[in-house]
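Coordinate inspection notes
Listed below, chain by chain, are the residues.
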Amino acid sequence: MIRLASSLLATLGAISTVSAHASIYHPSMYGFNVTAETFGRDFRPHVPLDHELFKDWWFHGHLDYPPHDGDVFELPAGGTAVAEIACHKSATSYWNTSESLKDGRQGNYPCPGQPLAAFHTTGRDGVTGCAMAIVDKANVHDIKPEDFTIFSVNHACVWTRDTEFPVPAKMPACKDGVCHCAWFWIHSPNSGSMQMYMTGFKCKVTNTNESARKIGKPSLARRCHDPEIGFDEKNCTVGPKQPLYWYQKEGNTFFEDTYHPPLYNDLYDFKHGAQEDIFTDEPGYWEKSNGVVVAPQHGAPATTTSVAVATSASTTSPQAAVTSPASSLSSSTSSTNAAVSTTTSEKPATTGTKQESNQGLIDTEVPKNCVRRTPEQKRKRAMKRAAKAAREHHRRFGTGLRSLFGGL
């Protein structure tokens, strides 16, 4: 009887290890404090996503359990971010916020006391990689699946608790001070039933500088390195890629079968490390040492000897450069002013000033007593003149007709 009980306990223990799975753990994540009792089922971050509805797999269904304000995961541009991946929160440095309130860590092993099968591998050669993605949106409800861009991949994942994710050197700062990131993992089909993993969290890119570049629009990755059929470079997706959304009831972007899952490794041309090919040539946001986020600069700024063409919403309106009252408008305004618009200059240009237009630099003589009118002002002025001329023409021509046909 004792032997039977021992055998039963061993069997139950083996069953529990198989259901361990894994997730990153950090206070910046959605669902950091979700427990096995929060939902009607165990849906903690490390629980796999298998044929779920969109609302349940997107951010692991934890959008209503956001992190505290100020809890963000930092990503040093050109450096390396280290994330803790484990089968349970008690196996991380945040064990004192876990349900057991016990330190369950075992060196750098992700699943203390459990076999390799707990995180779906048969050995080091059986891991298939995981990834991190980012989107520069502070409001999580504004994010769509296609907005995320994979920026870092670790082929040796899941294997250790502390997992490194190199960050591209040209990574731009978050324009509103915070971005959203997500951790993704799909394990090997050779160890356990198939699932997808997604854990969303708030993040912030640090250590940025003027070399920052804008992230391009991500596309779907394509299977281009299959050991069974070889390498087809022409089928690889070049540039930024979206995450692999797979094996759910709805919202999938990949439809591979159970035994051929999409993976975050060379199979879909996800290189190990920072994804340096995700950027455009356009400048990106960057952050000064004092914490001020600098917007991208497009073109040279205006100087005291030139009048630049307005190129953005933040540029001062042309009306700001007008200093003379409407009563002093001169009818001798030069027609060359029509090509000139102003930005941040506080004073009207003086005679002989070289001015900038959409066609390039032009030399023009600007009358001293002249006021530059915007295209809208000129349009309204022309309409008033046309209306006045029409009324005068009608008065004269209409009077003639009445006198001519008045007796009929």
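This one's a predicted model, so the numbers in the text were calculated from it and none came from an experiment. (Residues numbered from 1 in each chain as written. Predicted model: local features only at pLDDT ≥ 70, side-chain atom pairs only at ≥ 80, totals over all residues. Heavy atoms only, no water.)

A few words now on the state of the cysteines. Applying the stated criterion across every chain, the model contains five disulfides. Disulfide pairing is shown between C87 and C111; the S-S distance is 1.5 Å. Taking the sign of the S-S torsion, 40° for the link of C87 and C111, the bridge is right-handed. Here C87 is found in the loop between β3 (80–86) and β4 (130–135), whereas its partner C111 is found in the loop between β3 and β4, with 24 residues between them in sequence. (Disulfide = S-S within 2.5 Å. Helix = DSSP H or I, 4+ residues; strand = E, 2+ residues; numbered from the N terminus.)

Attention shifts here to the confidence of the model for the protein chain. Chain-level statistics for the protein chain give a pLDDT mean of 78 and a share of 68% at 70 or above. Across residues 1–18, confidence stays below pLDDT 50; counting only partners more than four residues off in sequence or on other chains, it has four contacts. Residue range residues 397–408 is modelled with pLDDT below 50. Its contacts to residues more than four positions away, or to other chains, number three contacts. (pLDDT = per-residue confidence, 0-100. Contact = heavy atoms within 4.5 Å.)

This brings us to the side chain of H187. In this fold, H187 is placed in the loop between β7 (179–185) and β8 (197–206). Residue classification places H187 among the buried residues on the basis of a relative accessible area of 1%. A distance of 3.5 Å separates the side chain of H187 from the side chain of H120, its partner in a polar contact. At 3.0 Å, the side chain of H187 forms a polar contact with the side chain of Q195. In contact with H187, not counting residues within four places along its chain, are H120, T128, G192, S193, M194, Q195, Y197, P261 and L263. (Buried < 20%, exposed > 50% of the residue type's maximum accessible area, 1.4 Å probe, protein only. Polar contact = N/O pair within 3.5 Å; in protein donor to acceptor, adjacent residues only side chain to side chain.)

A few words on the pattern of salt bridges. Oppositely charged side chains can pair when the atoms bearing their charge come close. One pass over the full model with this rule turns up twelve salt bridges. Measuring nitrogen to oxygen at the nearest pair gives 2.6 Å for the salt bridge that ties R44 to D42. Look at R44 and you get buried, because its relative accessible area is 13%. The salt bridge partner of R161 is E84, with a shortest N-O separation of 3.8 Å. Placement of R161 in the loop between β5 (149–154) and β6 (162–166) and of E84 in strand β3 is noted, with a sequence separation of 77 residues between them. Sharing partners across several salt bridges, the network here consists of D42, R44 and E99. (Salt bridge = Lys/Arg side-chain N within 4 Å of Asp/Glu carboxyl O.)

The subject of this paragraph is the sheet that holds β6. Strands sit in the order β1-β3-β6 across an open sheet of three strands; the sheet is antiparallel. Looking at the sheet topology across the chains shown, the edges are occupied by β1 (23–24) and β6. (Pairing = 2+ DSSP bridges.)

The strand order β2-β8-β7-β4-β5-β12 describes an open sheet built from six strands, whose pairing is mixed. Of all strands in the sheet, those bounded by a partner on one side alone are β2 (73–76) and β12 (273–274). In this structure, β2 lies alongside β8, joined through four bridges in parallel fashion. Bridging across to β8, F73 finds its partner in C203.

This part takes up the packing of aromatic side chains. Tallying each qualifying case throughout the model produces 22 aromatic pairs. Seen from their ring centres, W58 and F59 are 5.1 Å apart, and the 75° between their planes marks the pair as edge-to-face. You can call W58 buried: its relative accessible area is 5%. Among the residues examined, F59 registers a relative accessible area of 0% and is labelled buried. A centroid spacing of 6.2 Å and a plane angle of 75° characterise the contact between F148 and F184, whose relative ring orientation is edge-to-face. With F148 in the loop between β4 and β5 and F184 in strand β7, the pair connects residues that are 36 residues apart, well separated along the chain. When sorted by exposure, F148 lands in the same class as F184, which is buried. Taken together, the ring pairs in this structure connect Y30, F54, W57, W58, F59, F148, F184 and Y245 into an aromatic cluster. (Phe/Tyr/Trp six-rings, centres within 6.5 Å; stacked < 30°, edge-to-face > 60°.)

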